[in-house]
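For reference, the chains in residue letters:
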Amino acid sequence: MVKTVQAIINGQTYNLTFNGESGKWETTITAPSKSSYSQDDHYYPVTVKATDDAGNITEKNDTDSLLGESLKLKVVEKNPPQISVTYPTNGAYIGSATPQIQWTVTDDDSGVNPDTISLTIDSNGAITEGIQKTPTEGGYNCTYTPPSTLGDGAHVINFNAQDYDGNSAQVQTVSFTIDTVPPVLTLSSPSDNLVTNNAECVVSGTTNDVTSSPVTVTIKLNNGEAEQVTAQENGEFTKTVTLTEGVNTIVVTATDSSGKSSEVSRTVTLNTSAPVITEVSIVPNPVDAGQTFIISVTVTDKD
């Protein structure tokens, strides 16, 4: 007569109870907390052991030719992989038309199935080829560089992956803008090589960028710090700088959201010293009425 029946799973022994209605030895067991995919052959081997009153023992396990398949416990996880996008970030402006896209896919149980890692760019089909997948703890660090340039303007990337138990990650979406063209910058004042006796110099102009306005404008006078100037919605800007005596260099820089910049320089000379008259001669002097004479003046000026 059978005395005991036991099941050994994942190092734990469970005692089964005889069910008079079904005629079977049964028990309810909580499955291991981890997927069986990480186990050898992707299942937990089960051993059943029956002992009778005389002490005779029969054991069956996953290697048994008749019952082996029914003694392979497959446990699947329900948690999907996690996707974390490194570059580009959502809302970013990028100055390269072939950006290196970077992201990480991880799963702490059955593991990320690398064959399912994919991305789509805009409305194109899923991309699985050309993705570099470097193993990291729990998954893969991934990079992908588009083989052809992306046009200036808005783009959307969707990232996806599955684990070995077939769970799909929540799709991660990143929207970004490519801008490879620097902003247009035009100065209306001052004119280049201007010479003036007014130390207050008005710097004005217009700037715009079709893809990534608004544009940041800075004005730098000589070796001073570049100071930011507010550009209006129509791109116009103006700022008054104070010149120093002599030659001044004014550098205006316009930078768009992707980091592309345009630069215009002006040279302005400030001369506040009036000319000096050092000598005057009239020849002949006196002069006869109605006759001509020559007047000569010697004048010096520092510039």
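Just so we're clear, the structure is a prediction, and the values are computed from it rather than from any experiment.

Asker: Tell me about the sheet that holds strand β14 (residues 172-178), residues and numbers included.
Answerer: Spatially, β8-β14-β13-β10 is the arrangement adopted by the four strands of the open sheet, whose pairing is mixed. Bordering the open sheet on either side are β8 (92-94) and β10 (112-121), each of which pairs with just one other strand. If you compare each strand with its neighbour and ignore which way they point, the axes differ by 30° on average.

Asker: A description of the packing of aromatic side chains should follow, citing residues and the corresponding values.
Answerer: Two numbers describe a pair of aromatic rings. These are the distance of the centres and the angle of the planes. Counted according to the given criterion, the structure contains three aromatic pairs. Considering the side-chain rings of tyrosine 37 and tyrosine 164, the 4.2 Å spacing of their centres and the 10° angle between planes classify their relative orientation as stacked. Of this pair, tyrosine 37 sits in the loop between β3 (24-26) and β4 (44-52) while tyrosine 164 is found in the loop between β13 (153-163) and β14, placing the two residues 127 residues apart along the sequence.

Asker: Give a detailed account of the pairing of strand β18 (residues 216-221), specifying residues and quantitative values.
Answerer: Burial of β18 is one-sided: the residues Val217, Ile219 and Leu221 facing one way are buried, the residues Thr216, Thr218 and Lys220 facing the other way are not. The sheet contact formed by β18 and strand β21 (residues 246-255) spans six bridges and is antiparallel. Bridged to threonine 218 within β21 is threonine 253. Relative to strand β19 (residues 227-229), β18 runs antiparallel, the two being bridged by three bridges. Following the sheet pairing, isoleucine 219 is matched in β19 by glutamate 227. As consecutive antiparallel partners, β18 and β19 are separated by five residues, and within that stretch asparagine 222 has a phi angle of approximately 55°, a positive value.

Asker: Describe in detail the nonpolar core, supporting the description with residues and values.
Answerer: By size, the foremost hydrophobic cluster in this structure holds 22 residues, and its most contacted members are Trp103, Ile117 and Leu119. At the level of elements, β9 (101-106), β10, β12 (139-144), β13 and β14 are the ones that each hand at least two residues to this core. Considering every element that reaches this core, the biggest residue donor is β10, with four residues. In this structure, isoleucine 117 is in contact with Trp103, Val105, Val112, Ile127, Thr128, Ile131, Lys133, Tyr140, Cys142, Asn160 and Ala161, ignoring residues within four places of it in sequence. By size, the runner-up hydrophobic cluster in this structure holds 18 residues, among which are Leu185, Val241, Ile250 and Leu270.

Parameters at a glance
- Residues numbered from 1 in each chain as written.
- Predicted model: local features only at pLDDT ≥ 70, side-chain atom pairs only at ≥ 80, totals over all residues.
- Heavy atoms only, no water.
- Pairing = 2+ DSSP bridges.
- Helix = DSSP H or I, 4+ residues; strand = E, 2+ residues; numbered from the N terminus.
- Axes fitted to C-alpha atoms, helices over the stretch in contact; angles between N-to-C directions.
- Phe/Tyr/Trp six-rings, centres within 6.5 Å; stacked < 30°, edge-to-face > 60°.
- Buried < 20%, exposed > 50% of the residue type's maximum accessible area, 1.4 Å probe, protein only.
- Core = buried A, V, L, I, M, F, W, Y, C linked by side-chain atoms within 4.5 Å.
- Contact = heavy atoms within 4.5 Å.

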